[in-house]
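Here's the letter readout for the chains.
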Amino acid sequence: MAKLFIFGLGYSAKRIAREAQSLGWEVVATGSDGKLSFADEGEVRAELALADAVLSSVPPDRETTSDPVLERYGDALSQDWLGYLSSTGVYGDRQGAWVDEATPTIAQGGEGRRNARAQADRAWLEQGARVFRLPGIYGPGRSIFDRIEAGKAHRIDMPGQVFSRVHVDDIASGAVAALTANVPPGAYNLGDDLPASQNAVVEEACALLGVEPPPLLSLEEADLSPMARGFYAENRRVANGKAKRLLGWQPKYPTYREGLRALLPPRP
């Protein structure tokens, strides 16, 4: 039985683990939902020595900006298959233009909101990993329906502002396709086919729920968190053609419309 070692069994990585297990892989992982402690170097190194593949979903350290996995266990990553969950934030603001894997990242320019992530992205590429660049992630328990229920959904008056998205199940299918097929190392964008404004998503979700959408506000009136304001400071469309060609990947939820219908809460 092939073994997959996962650093950081978080929201997306758990879906990847489940998909790999369904295909007969043994999965061991660190993280709050894993069985290993990241700090238990003896156990981690012992399991890494037995692993056929390694996936990391651990982000850069906020204080040091270094990648914790590469910093501590980089010398133990000699497996034939390495994977890393990155972010399309590495492309920075493109003023609404399309980006693909050939687009320079902000690690090459040294500027941008997520330079630490871009540096980690580059480090994993240099390690020979398959780097999955992910846009806004949504799925069960993490969707606009949950924000509407919590009274935290916003419509912001920013014409031309768009975001790319991906359903968590499509992340899993893309990563496992790369795991099980003989695809080359490199970057792969896993995003849906229809970049769209957040307003369009909010309005679609409210229509499905049969409720009025929240009022249209300016960015200042919305009083967003610094992180949320950072998202609105960037505008880009993410192309997914490489993943489709090389991984044979087709998102189950090609747009937010299919994704929202699949997540629609049952009516009382």
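Attention in this report is confined to the structure presented alongside it. If you're wondering where the values come from, they're calculated on a predicted model, not measured in any experiment.

### What about the layout of surface pockets?
- Space inside the second largest pocket adds up to approximately 150 Å³.
- Contributing elements (two or more residues each) for the lining of the second largest pocket: helix 1 (11–22) and strand 2 (26–29).
- A per-element tally of the lining of the second largest pocket places helix 1 first, with 4 residues.
- The class makeup of the residues in the lining of the second largest pocket is 6 nonpolar, 2 polar and 4 charged.

### Details of the sheet that holds strand 6 (residues 130–134)
- Across the sheet, 6 strands lie side by side as 2-1-3-4-6-10; this open sheet has parallel pairing. The open sheet has two edge strands with one neighbour each: strand 2 and strand 10 (186–189). Ignoring strand direction, the axes of neighbouring strands in this sheet form an average angle of 20 degrees.
- Looking at chain direction, strand 3 (residues 53–56) and strand 4 (residues 81–87) are connected through 4 bridges and run parallel. Note on strand 4: the bridge partner recorded for Leu55 is Gly83.
- Lying over the sheet, helix 2 (residues 41–50) contacts strand 1 (3–7), strand 2 and strand 3, oriented at roughly 140 degrees with respect to strand 1.

### Focus: the pairing of strand 1
- Burial of strand 1 is extensive: 5 of the 5 residues sit out of reach of the surface.
- Because side chains alternate across strand 1, one face comprises the buried residues Lys3, Phe5 and Phe7, and the other comprises Leu4 and Ile6, equally buried.
- Across 4 bridges, the pairing between strand 1 and strand 2 is parallel. Paired with Ile6 across the two strands is Ala29, which belongs to strand 2.
- Remark: the strand 1/helix 1/strand 2 crossover connection has right-handed handedness.
- Judged from the 4 bridges that link them, strand 1 and strand 3 form a sheet pairing that is parallel. Across the sheet, residue Ile6 finds its bridge partner in strand 3, namely Leu55.

### With respect to helix 1
- For helix 1, built from 12 residues, the straight-helix expectation of 16 Å at 1.5 Å per residue is met to within 8% by its first-to-last C-alpha distance of 17 Å.
- Looking at helix 1, one finds that the buried residues are Tyr11, Ser12, Ala13, Arg15, Ile16, Ala17 and Ala20.
- Close packing links the buried residues of helix 1 with strand 1, strand 2, strand 3, strand 4, strand 7 (136–138) and helix 7 (168–180).
- Immediately downstream of helix 1, the backbone of Gly24 shows phi near 100 degrees, a positive value.

### Topic: the pattern of salt bridges
- In the structure shown here, the tally under the stated rule is 12 salt bridges.
- Residue Lys3 pairs with Glu26 through a salt bridge whose shortest N-O separation is 3.8 Å. Of this pair, Lys3 sits in strand 1 while Glu26 sits in strand 2; the two residues are 23 residues apart in sequence, bridging distant segments of the chain.
- Exposure remark for Lys3: the relative accessible area of 8% places this residue in the buried category.
- Arg261 is the partner of Glu204 in a salt bridge, and the nearest nitrogen-oxygen pair spans 2.7 Å. In this pair, Glu204 sits in helix 8 (residues 198–209) while Arg261 sits in helix 12 (residues 256–263), placing the two residues 57 residues apart along the sequence.
- A relative accessible area of 17% means that Glu204 is categorised as buried.
- When salt bridges that share partners are traced, they join Glu41, Arg45, Arg72 and Asp75 into one network.

### A short note on the packing of aromatic side chains
- Scanning the entire structure with this criterion turns up 8 aromatic pairs.
- Between Phe132 and Tyr188 the ring centres are 6.4 Å apart and the planes differ by 35 degrees, which places this aromatic pair in the tilted class. Taken together, the positions of Phe132 in strand 6 and Tyr188 in strand 10 put the pair 56 residues apart, joining distant regions of the chain.
- One aromatic cluster in this structure is built from Phe5, Phe7, Phe38 and Tyr73.
- Sitting over the face of the ring of Tyr11, Arg142 holds its NZ or CZ atom 4.1 Å from the ring centroid.
- The ring of Tyr188 carries Lys242 above its face, with NZ or CZ at 4.6 Å from the centroid.

What counts, and where the lines are drawn
Residues numbered from 1 in each chain as written. Predicted model: local features only at pLDDT ≥ 70, side-chain atom pairs only at ≥ 80, totals over all residues. Heavy atoms only, no water. 1 Å grid on protein atoms, 1.4 Å probe; cavity = no way out; pocket = protein on both sides within 12 Å on 5 of 7 lines; lining within 4 Å. Points joined across faces, edges and corners; volume = space filled by probe spheres on them. Helix = DSSP H or I, 4+ residues; strand = E, 2+ residues; numbered from the N terminus. Nonpolar A, V, L, I, M, F, W, Y, C, P; charged D, E, K, R; others polar. Pairing = 2+ DSSP bridges. Axes fitted to C-alpha atoms, helices over the stretch in contact; angles between N-to-C directions. Contact = heavy atoms within 4.5 Å. Buried < 20%, exposed > 50% of the residue type's maximum accessible area, 1.4 Å probe, protein only. Right-handed = clockwise from strand over helix to strand, strands pointing away. Expected span 1.5 Å × (residues − 1). Salt bridge = Lys/Arg side-chain N within 4 Å of Asp/Glu carboxyl O. Phe/Tyr/Trp six-rings, centres within 6.5 Å; stacked < 30°, edge-to-face > 60°. Lys NZ or Arg CZ within 6 Å of the ring centre and 35° of its normal.

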